[in-house]
Every structure is written in C-alpha cells, then in structure tokens.
Amino acid sequence: MSGAARPGRSRTSFFVRPDNGCHRQSSKRTTRRAAAACLTQAVIILRGGRVVDPGTGFDGVADVLIEGARVTAVGPGLPTGAATVVDVSGMVVGPGFVDLHSHVNSIAGQRLQALDGVTTALELEAGLMPVDRAYAQAAAAGRPLNYGFSASWAAARAQVLLGHEPDTSLAAGLAVLADPGWQRSSSAPELARWLDLIGGELADGALGVGVLMGYAPRTDPAEFRALARLAAQAGAPTFTHVRELVEADPTTPVDGSEELAIAAAETGAAMHHCHVNSTSRRHIDRVLGLLDRARSQGSRITVEAYPYGAGSTAVGAYFLDPDRLGAWGLSPASIVLLTTGERIADGDRLRQVRRADPAAECVVEFLDEQDPGDAALLRRALAFPDAIVASDAMPLIWSGQPRDTMRWPLPPGGSTHPRTAGTFARALRQMVRQSGAWTWLEAFRRCAYLPARVLDEIAPAARRKGHLGVGSDADVVVVDPHQITDTATYLAPVRPSVGVRHLLVGGTFVVRDGELRVDALPGTPVRGSAH
Ligand SMILES: [Zn+2]
C-alpha cells in the first residue's frame, strides 16, 4: 500500500501533521496557532469503504482520514479520535472527478455535476476572458466545486479582429463564432497582437489555452503553429476543438486532428484533443490510430471523450451550415434547438435561426446511440488507452436564456444537453457496471487521475488532485457501485445522476447521504502559473 499512511503513524500526530491543509507552519508560534485553528476544522473518517487510489494503484478496504482540506491518512482501522465517522462500507471511495471540459460556470450547473461525481469543473476548451475577472466573479458568487479557466483563443481573436471587448461570458463568446470577420485568417500584426493577449492571460493565471479551431476552420494553419510555440514556451497546455477532418471537407487547409499531432511533434507543446468522439464520429478509428502513433512517438497529446452520440453547440457554428451538413451525413432535422425544443425542418429554417440568433444552443445528432454500430464507435473512443472522460457540460437554460439559480431542486423546465448531468455516471455504468471494460481503478484513473495530470506543469497545486495519497486535496467521491447511473435524457436533460452517496470538496460535504447540501460552496480556484 505504498503512498498510504501506516495506521500506527496516524496515532502519533493526529491533528498536526506537515502539509495537512490545516496550516502552513513556519515557526513554533505559528504551529501552535495553526494547531488551535486545526481543532476547529472538520476531521472526518470515511470508514470501511473500498478505497480506490489511481495514484498508487491501491484497491482495497480501508479508512480515509480527512483533516481540514486534506487527506491525512489512508489505512485500515484508523483511530476515531475526535473525528466524525461516516460508515461507507459497501461503497467505492475514490478521488473526485476532474472535468477538463465544463462550460457550466454556475452554481446550478456545478450542483448537477456534483451529483455526477465531479469535484473540479474546468472551462478549458472555450476559456473565458479576461481570466482574472472570471476567477474573481466565480469567487464572489461562490462555487460548490473547484473551478478554473483557460485563456480564450476565440475571445482574444475577437478583440483583435472585431474590436469586441471581452466580458467573461460564454454567451458573448458563442455569438462571435458565426461572424465571418472572426472566422478569417489574421494578418501578421493581428496574430502578434492576439498572441500577446493570450500571453497576458497566461501570466494572469489561465490554465492553458482553449482553442475553438473547429469554428474558424479555414484559418491559416500557421496561426495554430504560432500558438503551439507560445504554449510550449510558457509550459501551458492547449485544449483544442479541432477543425474539419479531411473526410468531411477535402478542401480543409489541414486535417483537424492531424494538425494537432503535427503541432505537438514540432513544438513539444502539451496538446489536449477535446471530445474526440464528436469531432471524429464515424472516422474515429482513423483518428485514434493517428493519435496513438503520435503519442507512441513521444508527442504530448492527451485525448478526451464523452459517452453520447449527440453534440451540443451554438447553432451558428461553421460546421452547421446547411450546405455543409451533408458531408457528415446529417440534415437540418439532425439539429434540435435547446431553447424551444424545435427540430429544424429544413435548410431555409436553419438559415433563418442561424441569422436570428447564432449563439442559440442546440443539440446535434451525430451518431445514433441506439444503433449498435454507432454505439460501438462511442465505446471505442472511451476505451482508447488513456482516454480521459470529460463532459463538455453546457450552460443550463430556462425560458430560452442561460442562467444560474440558487434554487434546489432545480426549477422545472430547465434545458441543456444530458451530458451536463450524466457524463461520468453514464461512463461508469457502461464501462464498469455493464461491460466490465474498466476496473474501478481504471475508471478513477480516467475520470480523476489523468485529467489532473494534464495540469501538473501549469498548476503545480493540481498535483494534489486526482489521487488519495496522504497530503492530497480532500476532493473525494463515494459511489454506490450497484446504483451509479445517469438519469438525464435528451427529453429530460436536467436530471441528476443517481448513486453518488457522498461528495467532499476540500473536506466539505457537497453531497451527503445522496442529498445535495445547498449551503455548501467550498469550491476554490485552480490557477495556472505559466513561466
Ligand atoms: Zn467543442
């Protein structure tokens, strides 16, 4: 049980232990003060669960001791002392899920994700700008889960190419994606200016760079390579929604997934391929083969997938042009507006809604989950070695508008893509409970450990996440292995998953006994420290 404390050791210094999250002592005086403060911090023992730690490979029955915001001991028969003891026998205890791809950025959306096992929800594909203000707003409003943002390539380009002042909102960011003035290539001075803006965002604590290349897929590939060089120099990962594949658009300046592989090889940048399922669709085997070769040759490429056959985006997206849908075997009827539930009747209606409200969220049916062949494609994306589970969770909408709410249970009539509420529980149901494709250890590796490792270089504090070693952040999920399942559907998408028994964020219960704690907003920022 390497990495887990021996039970005997935990007896000797129950409250004060270096780096236990209660204190940072630098002298005897501060140690005493910290020890006193520690006594007021929650001390919790999760007793007798099946502890699964992808950091050490440990999988066995043990107790987990949490003091303040950290895990301070893991082992059998830990002494109770003053701890609150929570019996978790029969349950699986692991590190909370780290979602690299969540657009919810709201209390309501994060609560749904909490009941899906997520303890850290990061907006890394689109990013938000200015990132400093995005962090300040999240801190002021409070968050149930840990949060963080990347630098927004889209917003930096919008500022330079269109003169749009960034305002940290995803909605404004989505609206710009349909603007031909934004979709064009940059001149050399423009490129230099937006690269400079992104460098500034990284200096302000962004967790890398989010690149929505798929929404400006005719731009000069030299722009992407320049961005990759900047990221490599800064030690910052990129998170890319790749541009069109060559099968869908033989005239594309470069195949989207190949572009990422080439840039990673040329620059040494750490490059994350977002939702490989939705950008590859029926070409998944070709794309996974390409990424596998690139990884085996040493490129720092990571890959994520989610277990749904439909995507979700703004209806004005480049790739939803009525004249482009046929290349993917889609039609306007493959698109359903989330705001109204309207299934688009024909090309004329699609043109109309794209003109009227290009930022309107919609669901796009890429693959048929009921078709065994299509379901197998989705399974292969998830099963790819080291593929990370990430939700692409979308903002919640009521009465046609994305908004947040403190109400819980959530008000009726809410809309989103079901992946917002159900991605992780669905992955566990399909890959662990139903098919046995993943062990619990493998599931926690893909849902918690591997995503946290993507951030190790840019955010050294992330090294305490994604595992349950002594000194790790007390971001912990307790799952009922016989119950865990998604319940959200395309028709009823705002329905929490079932089977997350407890969820702690920084040592505070956000879910206890299966119930969401409405008073719990313990989320803290995960920030970058680019060099
Ligand atoms: Zn995307």
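Let us look at the structure shown here. (Residues numbered from 1 in each chain as written. Predicted model: local features only at pLDDT ≥ 70, side-chain atom pairs only at ≥ 80, totals over all residues. Heavy atoms only, no water.)

**Section: the coordination of the zinc ion**
Alright, step 1. Coordination of the zinc ion by the protein comes from Glu 125 (OE), His 241 (ND1) and His 275 (NE2), over a distance range of 1.8 to 2.3 Å.
Alright, step 2. Mapping the donors of the zinc ion onto the primary sequence gives the spacing E-x115-H-x33-H. Remark: His 275 occurs in the loop between strand 12 (271-273) and helix 11 (276-280) and Glu 125 occurs in the loop between strand 7 (118-123) and helix 4 (131-141); sequence separation between them is 150 residues. Here Glu 125 matches His 275 in class, with each residue buried. (Donors = N, O, S within 2.8 Å, 3.2 Å for Na, K, Ca; no water. Helix = DSSP H or I, 4+ residues; strand = E, 2+ residues; numbered from the N terminus. Buried < 20%, exposed > 50% of the residue type's maximum accessible area, 1.4 Å probe, protein only.)

**Observations regarding helix 12 (residues 284-296)**
Alright, step 1. The terminal C-alpha atoms of helix 12, which comprises 13 residues, lie 18 Å apart, in line with the 18 Å expected from a rise of 1.5 Å per residue.
Alright, step 2. For helix 12, the complete set of buried residues consists of Ile 284, Val 287, Leu 288, Leu 290, Leu 291 and Ala 294. Considered in projection along helix 12, the buried side chains sweep an arc of 160° and stay on one side of the axis.
Alright, step 3. Next to the buried residues of helix 12 lie helix 10 (256-267), strand 12, helix 11, strand 13 (301-305) and helix 14 (372-383). (Expected span 1.5 Å × (residues − 1). Arc of directions from axis to C-beta. Contact = heavy atoms within 4.5 Å.)

**Regarding the nonpolar core**
Alright, step 1. With 131 residues, the main nonpolar core has Trp 153 and Ile 198 as its most contacted residues.
Alright, step 2. Residues within four places of Ile 198 in sequence aside, it is in contact with Ala 151, Trp 153, Ala 156, Val 209, Leu 227 and Leu 230.
Alright, step 3. If you look at the next biggest cluster of nonpolar residues, it comprises 19 residues, including Ile 44, Leu 46, Phe 58 and Val 476. (Core = buried A, V, L, I, M, F, W, Y, C linked by side-chain atoms within 4.5 Å.)

**With respect to the packing of helix 9 (residues 221-234) against helix 10**
Alright, step 1. With their axes 9 Å apart at the nearest point, helix 9 and helix 10 run at an angle of 45° to one another. Judged on the interaxial angle alone, helix 10 and helix 9 are oblique. Crossing geometry of helix 9 relative to helix 10 is assigned as right-handed. When helix 9 is examined against helix 10, the residues Pro 221, Phe 224, Arg 225, Ala 228, Arg 229 and Ala 232 are found in contact with a partner set consisting of Glu 259, Leu 260, Ala 263, Glu 266 and Thr 267. (Axes fitted to C-alpha atoms, helices over the stretch in contact; angles between N-to-C directions. Parallel < 35°, antiparallel > 145°, perpendicular 65-115°, else oblique. Left-handed = near helix turned anticlockwise from the far one by under 90°.)

**Description of the sheet that holds strand 16 (residues 361-365)**
Alright, step 1. Read across the sheet, three strands follow the order 14-16-15 without closing on themselves; strand pairing throughout is antiparallel. Where the open sheet ends on each side, the last strands, each with one partner, are strand 14 (310-314) and strand 15 (335-337). The sheet shows a mean angle of 25° between the axes of neighbouring strands, direction not considered.
Alright, step 2. Here strand 15 pairs with strand 16 via three bridges, running antiparallel. Its bridge partner lying in strand 16, Ile 335 is registered against Val 364. (Pairing = 2+ DSSP bridges.)

**Things to note about the sheet that holds strand 7**
Alright, step 1. Spatial strand order, 6-7-8: three strands in an open sheet with parallel pairing. In the strand order of this sheet, the two ends are held by strand 6 (97-99) and strand 8 (146-149), each with one partner. Neighbouring strand axes in the sheet, compared pairwise and without regard to direction, differ in orientation by 15° on average.
Alright, step 2. Here strand 6 runs beside strand 7; their pairing, made up of three bridges, is parallel. Across the sheet, residue Val 98 finds its bridge partner in strand 7, namely Thr 120.

**Some thoughts on the pattern of salt bridges**
Alright, step 1. In this structure the tally under the stated criterion is 31 salt bridges.
Alright, step 2. With a closest N to O distance of 2.8 Å, Glu 457 and Arg 300 form a salt bridge. Here the residue Glu 457 occupies a position in the loop between helix 16 (440-453) and strand 20 (476-479), and Arg 300 occupies one in the loop between helix 12 and strand 13, the gap between them amounting to 157 residues.
Alright, step 3. Glu 457 gets classed as partly exposed once you look at its relative accessible area, which sits at 36%.
Alright, step 4. Look at Arg 300 and you get partly exposed, because its relative accessible area is 42%.
Alright, step 5. A salt bridge links Glu 369 to Arg 426, with the shortest nitrogen-to-oxygen separation between them at 3.2 Å. Placement of the pair is Glu 369 in the loop between strand 16 and helix 14 and Arg 426 in helix 15 (residues 419-434), with a sequence separation of 57 residues.
Alright, step 6. Judged by its relative accessible area of 11%, Arg 426 falls in the buried class.
Alright, step 7. Several salt bridges converge on common partners, so that one network encompasses Arg 70, Arg 464, Lys 465, Asp 473 and Asp 475. (Salt bridge = Lys/Arg side-chain N within 4 Å of Asp/Glu carboxyl O.)

**Quick word on the pairing of strand 2 (residues 58-67)**
Alright, step 1. Counting buried positions along strand 2 yields eight of 10 residues, so the element is predominantly enclosed.
Alright, step 2. Where strand 1 (residues 43-53) meets strand 2, nine bridges bridge the pair, whose relative direction is antiparallel. Opposite Val 43, over in strand 2, you have Glu 67 as the bridge partner.
Alright, step 3. Where strand 1 hands over to strand 2, the hairpin turn is made up of four residues, of which Gly 57 adopts a positive phi near 85°.
Alright, step 4. For strand 2 and strand 3 (residues 70-75), the ladder comprises five bridges, and the chain directions are antiparallel. Residue pairing in the sheet places Ile 66 in a bridge with Val 71 of strand 3.
Alright, step 5. Taking the residues between adjacent antiparallel strands as the criterion, strand 2 and strand 3 are bridged by two residues, where Gly 68 takes a positive phi near 60°.

**Re the environment of Val 61**
Alright, step 1. As for its placement among the helices and strands, Val 61 is situated in strand 2.
Alright, step 2. C-alpha of Val 61 to C-alpha of Arg 50: the two residues are 11 residues apart in sequence and 4.3 Å apart in space.
Alright, step 3. The residues touching Val 61, leaving out its near neighbours within four places in the chain, are Gly 48, Gly 49 and Arg 50.

By themselves, these are just geometric observations and shouldn't be taken as functional.
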